[in-house]
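# Residue-level structure breakdown
Each chain is listed here by its residues.
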Amino acid sequence: VIAPAAANIHLQDISFSYPEQPQKALDGISLSVNAGEHVAVLGRTGCGKSTLLQLLTRAWDPQHGEVLLNGVPLTHYSETALRASISMVPQRVHLFSATLRDNLLLAAPQASDEDLADVLTRTGLEKLLDDSGLNAWLGEGGRQLSGGELRRLAIARALLHDAPLVLLDEPTEGLDAATESQILELLEEVMQEKTVLMVTHRLRGLSRFDQIIVMDNGQIIEQGNHAAL
Ligand code: ATP
Ligand code: MG
């Protein structure tokens, strides 16, 4: 199955436990998201929000139930097709011990140096280019990035990747108010015309989402739009 241009998602009675964990991290989750819809995922710490996003990328597969992308089980897609379908801004952004260029190219192998420089400027990371440009060494043996810079790097990757399904795991967690509002502005761009699941603790701005789901203990305990909840 090839990578789709638009993404709708169906979770059908998903249950999942991590290896050697007796309790379920997800317990009977059903959810439908139409192409282009934006869904906010709320719930207290440990309730399964990140796990839910992980299952959409097939980092893990559920023991029960099925995840469908455009009506087709995720297991029927090749790794390449899935990767092309999904942009993820994870809760813990991974920095590779590699050049700035390679840290971005993993999201978009075809991108030119101009594309990379452009996206670094758009995400407010142009100062990373100051010393050695795109050859700057990041991570171990090189430059470490602050929490906000890491978040911007992940968003730069998502902008370059341009996939129909966008998964955002607390993209503004731990940022100061000014950085947060800059990041939210960038995210508007990332989310435009995409299907989006965003894990968030922010209650402000929820009215912009088509669906809000509230999780507890691996289950969806409330679901609806802003007006309904
Ligand atoms: P937070 O808001 O703190 O990020 P969360 O809602 O994202 O929380 P998850 O990370 O999905 O929560 O975790 C759900 C449950 O699964 C928790 O009980 C957690 O301890 C457990 N868990 C998460 N990752 C693993 C793992 N790799 N192995 C075993 N258990 C895990
Ligand atoms: Mg989490």
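Nothing here was measured: the structure is a model prediction, and the numbers come from that model.

Turning our eyes to something else, we now look at the coordination of the magnesium ion (ligand 2). Donor atoms from the polypeptide that coordinate the magnesium ion (ligand 2) comprise Ser50 (OG) and Gln91 (OE1), at 2.0 to 2.3 Å from the metal. Taken together, the positions of Ser50 in helix H1 (residues 49-56) and Gln91 in the loop between strand E6 (86-89) and strand E7 (98-99) put the pair 41 residues apart, joining distant regions of the chain.

A few words on the packing of helix H4 (residues 113-122) against helix H5 (residues 147-161). Packing of H4 against H5 leaves a shortest axis separation of 9 Å and a crossing angle of 130°. By the angle between their axes, H4 is oblique relative to H5. Of the two elements, H4 crosses H5, and the hand of that crossing is right-handed. Across from Asp115, Leu116, Val119 and Arg122 in H4, the residues of H5 making contact are Ala156, Leu159 and Leu160.

A few words on the packing of aromatic side chains. If you walk through the whole model with that rule in mind, you get three aromatic pairs. Where Phe16 meets Trp60, the ring centres are 5.8 Å apart and the plane angle is 45°; that geometry is what we call tilted. Here Trp60 lies in the loop between H1 and strand E4 (64-69) and Phe16 lies in strand E1 (residues 9-16), a separation of 44 residues in the sequence. Taking relative accessible area as the criterion, Phe16 reaches 2% and is therefore assigned buried. Overall, Trp60 belongs to the partly exposed group, its relative accessible area being 31%. Through a chain of ring-to-ring contacts, the aromatic side chains of Phe16, Tyr18 and Trp60 assemble into a single cluster.

Another aspect to go through is the site of ligand 1. Taken together, Tyr18, Gln21, Ala25, Thr45, Gly46, Cys47, Gly48, Lys49, Ser50, Thr51, Gln91 and Glu170 make up all the residues around ligand 1. Contact distances for ligand 1 include 2.8 Å between an oxygen atom and a backbone N or O atom of Gly46. Contact distances for ligand 1 include 2.8 Å between an oxygen atom and a side-chain N or O atom of Gln91. Contact with the protein chains hides 64% of the accessible area of ligand 1, taken as 640 Å² for the molecule alone. Residues of the shell around ligand 1, tallied by class, amount to three nonpolar, seven polar and two charged.

The rules behind each value
Per chain, residue numbering runs from 1 following the sequence as it is written. To label them, take the chains in the order written and letter them from A, then take the ligands in the order written and number them from 1. Residue-level local features of this predicted model are given only where pLDDT is at least 70; pairs of side-chain atoms are given and counted only at 80 or more, and the full residue set underlies all totals for whole chains, interfaces and linings. Water and hydrogen atoms play no part in the side-chain values, which are based on all heavy atoms of the structure. Only N, O and S atoms count as donors, using a 2.8 Å cut-off from the metal and 3.2 Å for Na, K and Ca, and because water is excluded some sites may appear unfinished. In DSSP terms, a helix is any run of H or I states spanning at least four residues, a strand is any run of E spanning at least two, and both are numbered starting from the N terminus. The axes are straight lines fitted to the C-alpha atoms, using for helices just the contacting stretch, and the angles between their N-to-C directions are given from 0 to 180°. When an angle is under 35 degrees it counts as roughly parallel; over 145 it counts as roughly antiparallel; between 65 and 115 it counts as roughly perpendicular; any other value is oblique. Each crossing gets its handedness from the near helix: less than a right angle anticlockwise from the far helix is left-handed, clockwise is right-handed. Should any heavy atoms of two residues lie within 4.5 Å, those residues are considered in contact. What counts as a ring pair is set by centres within 6.5 Å for rings of Phe, Tyr and Trp (its six-membered ring), and what kind of pair is set by the plane angle: stacked under 30 degrees, edge-to-face over 60, tilted for all other angles. Residue burial is assigned from relative accessible area. The probe radius is 1.4 Å, only protein chains are included, and a residue is buried under 20% of its type maximum, exposed over 50%, and partly exposed in between. The rule for a residue being near a molecule or strand is that one of its heavy atoms must lie within 4 Å of it. Polar contact is defined as a pair of N or O atoms within 3.5 Å, subject to the rule that within protein one atom must be able to donate a hydrogen and the other to accept it, and that residues adjacent in sequence are counted only when both atoms are side-chain atoms. Working definition of accessibility: Shrake-Rupley area with a 1.4 Å probe, residue cover restricted to the visible protein chains. Each residue gets one label: Ala, Val, Leu, Ile, Met, Phe, Trp, Tyr, Cys and Pro are nonpolar, Asp, Glu, Lys and Arg are charged, and the others, such as Gly, are polar.

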